[in-house]
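Structural description and commentary
Residue strings, one per chain:
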Amino acid sequence: AKKEGVRGLYSGWGAAMIGVIPYAGISFGCYDILSAQYRKTMNVESAGALPTLCIGFASGWLASMLSFPMYSATVRLQSGMVPALAS
């Protein structure tokens, strides 16, 4: 860590920031779709606490599963297992 200095401290940070975008997009998009489908199917204006919890869980799980490869690459970059690209 002393060799790379501040630059080494932040290696992988860009990939981490880019990795948040797909996770958030999938999570929010999936939540919106599932919530709308639940309200339409159940013919209610608002979902209750338990359905909202379940929809949130399913959305977060799906987003995590689909964005995990980016997270894994980020961890490898930050831990120094893969050398960062020279710029």
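Residues numbered from 1 in each chain as written. Predicted model: local features only at pLDDT ≥ 70, side-chain atom pairs only at ≥ 80, totals over all residues. Heavy atoms only, no water.

**Concerning the packing of helix H2 (residues 13–42) against helix H3 (residues 49–79)**
In the contact formed by H2 and H3, the axes pass within 8 Å of each other and the chain directions differ by 165°. By the angle between their axes, H2 is roughly antiparallel relative to H3. Crossing angle aside, the handedness with which H2 passes H3 is right-handed. By residue class, the composition of the contact of H2 with H3 is 18 nonpolar, eleven polar and no charged. (Axes fitted to C-alpha atoms, helices over the stretch in contact; angles between N-to-C directions. Helix = DSSP H or I, 4+ residues; strand = E, 2+ residues; numbered from the N terminus. Parallel < 35°, antiparallel > 145°, perpendicular 65-115°, else oblique. Left-handed = near helix turned anticlockwise from the far one by under 90°. Nonpolar A, V, L, I, M, F, W, Y, C, P; charged D, E, K, R; others polar.)

**So, the confidence of the model for the protein**
In the predicted model, the protein carries a mean pLDDT of 85, and the fraction of residues at 70 or more is 89%. The element-level mean pLDDT for the protein is lowest in helix H1 (residues 5–9), coming to 75, with H2 highest at 91. (pLDDT = per-residue confidence, 0-100.)

**With respect to H3**
Where H3 bends most, the angle comes to about 55°, and this point is Ser67, followed within four residues by the proline Pro69. For H3, the complete set of buried residues consists of Pro51, Ile55, Ser59, Gly60, Ala63, Ser67 and Thr74. For H3, the elements touching its buried residues are H2. Within two residues after H3, Gly80 carries a phi angle of roughly 85°, on the positive side. (Bend = angle between axes of the 7 residues up to and from the residue. Buried < 20%, exposed > 50% of the residue type's maximum accessible area, 1.4 Å probe, protein only. Contact = heavy atoms within 4.5 Å.)

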